[in-house]
Amino acid sequence: MDEQMNTHEQLIKELNPINELDNEYVEKLVNMVVEFMISKNASAFQQSLETFAGYGVLAPSSLKLISRGFIILFEGGMKDGWSATQLHDKCMNMDIDSDKCEVIKAVWSKHSSHMATTLLAKTIAANELVDVDWSFGVTASSSDCDQVYIYVYIC
């Protein structure tokens, strides 16, 4: 429970600076984070963040923290299967302005099913069995039929 509280407090600290941004910038930033979560293309994400930092709206260090906060928030939402309304409520509980919460909710509504599908596909691919060696054998006894053993050895 303490770990959840610390994570919640950390997210509040990391995401709070978005209250100072225009909704347009919040939407761009959230879309960049979502695109990263779908593609996992770190170099493209880094380039997008550098471009965004070039607007002069946020310091690069703040931008990095906000992005990290959104990634943690969205991964938690994917893990727990949050609806757009549940994400909105979580954002409101983190003292994010109502209009920013609406922007985040809209992006989540638009992309959450694609994020879930992509994350599921990556999970399945990661747990895919590629190759297996096996042998099959039977051990039998001539004096007692109840003592027959069948085994499969997988290595």
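Scoring rules and cut-offs
Residues numbered from 1 in each chain as written. Predicted model: local features only at pLDDT ≥ 70, side-chain atom pairs only at ≥ 80, totals over all residues. Heavy atoms only, no water. Helix = DSSP H or I, 4+ residues; strand = E, 2+ residues; numbered from the N terminus. Contact = heavy atoms within 4.5 Å. Areas by Shrake-Rupley, 256 points an atom, 1.4 Å probe, with all protein chains shown as cover. Axes fitted to C-alpha atoms, helices over the stretch in contact; angles between N-to-C directions. Parallel < 35°, antiparallel > 145°, perpendicular 65-115°, else oblique. Nonpolar A, V, L, I, M, F, W, Y, C, P; charged D, E, K, R; others polar. Phe/Tyr/Trp six-rings, centres within 6.5 Å; stacked < 30°, edge-to-face > 60°. Expected span 1.5 Å × (residues − 1). Buried < 20%, exposed > 50% of the residue type's maximum accessible area, 1.4 Å probe, protein only. Polar contact = N/O pair within 3.5 Å; in protein donor to acceptor, adjacent residues only side chain to side chain. Salt bridge = Lys/Arg side-chain N within 4 Å of Asp/Glu carboxyl O. Disulfide = S-S within 2.5 Å. Core = buried A, V, L, I, M, F, W, Y, C linked by side-chain atoms within 4.5 Å.

### Regarding the overall build of the protein chain
Across its full length, the protein chain carries six helices and two strands. N-terminal to C-terminal, the α/β element order of the protein chain is α-α-α-α-α-α-β-β. Intrachain contacts of the protein chain at a sequence separation of at least 6 include 59% that bridge at least 24 residues. A total of about 10000 Å² of accessible surface is found on the protein chain, and carbon and sulfur atoms cover 52% of it.

### Side note on the packing of helix H2 (residues 23-39) against helix H3 (residues 42-54)
At a minimum axis distance of 9 Å, the contact between H2 and H3 shows a crossing angle of 170°. What the angle tells us is that H2 and H3 run roughly antiparallel. Taking contact as the criterion, the partners of Tyr25, Lys28, Leu29, Met32, Val33 and Phe36 in H2 are, on H3, Ala42, Phe45, Ser48, Leu49 and Phe52. Considered class by class, the residues forming the contact of H2 with H3 number nine nonpolar, one polar and one charged.

### Here's the deal with the packing of aromatic side chains
Scanning the model with the defined rule gives six aromatic pairs in all. Considering the side-chain rings of phenylalanine 36 and phenylalanine 45, the 4.5 Å spacing of their centres and the 25° angle between planes classify their relative orientation as stacked. Three or more aromatic residues joined by ring pairs form one cluster here, namely Tyr25, Phe52 and Tyr55.

### Here's the deal with H2
Across its 17 residues, H2 extends 24 Å between first and last C-alpha, which sits within 8% of the 24 Å expected from 1.5 Å per residue. Regarding H2, the residues found buried are Val26, Leu29, Val30, Met32, Val33, Val34, Phe36, Met37 and Ile38.

### As for unusual backbone geometry
Positioned with a positive phi, lysine 40 is a non-glycine residue whose angle comes to about 55°. Tracing the chain through its elements places lysine 40 in the loop between H2 and H3. Judged by relative accessible area, lysine 40 falls into the partly exposed class, the value being 38%. Even without glycine at this site, aspartate 95 takes up a positive phi of about 60°.

### Examining the side chain of serine 67
If you trace the backbone, serine 67 turns up in helix H4 (residues 60-80). Within polar-contact distance, the side chain of serine 67 engages the backbone oxygen of leucine 63 at 2.9 Å. Those residues within four positions of serine 67 in sequence are excluded, and the remaining contacts are Leu29, Val33, Phe45 and Leu49.

### Concerning the pattern of salt bridges
Scanning the model with the defined rule gives three salt bridges in all. Its salt-bridge partner being arginine 68, residue glutamate 14 comes within 2.3 Å of it at the nearest N-O pair. With glutamate 14 in helix H1 (residues 2-15) and arginine 68 in helix H4, this pair connects stretches of sequence that are 54 residues apart. Given the relative accessible area of 2%, glutamate 14 is considered buried.

### Remarks on the state of the cysteines
A complete count under the given rule lists zero disulfides for this structure. You can see cysteine 91 has no disulfide; the closest cysteine sulfur is in cysteine 101, sitting 4.8 Å from it. Classification of cysteine 91 by relative accessible area gives buried; the value is 0%.

### A few points about the nonpolar core
Generally speaking, soluble globular proteins have nonpolar side chains that are buried together. Membership of the largest hydrophobic core comes to 38 residues, with the highest contact counts inside it found for Phe70, Leu73, Phe74 and Ile104. Only H1, H2, H3, H4, helix H5 (84-93) and helix H6 (98-126) provide two or more residues apiece to this core. In terms of residue count, H2 provides more of this core than any other element does, nine residues in total. Once residues lying within four places of it in the same chain are set aside, the contact partners of phenylalanine 74 are Val30, Val33, Val34, Met37, Leu87, Ile104 and Trp108.

Geometry only, nothing functional implied.
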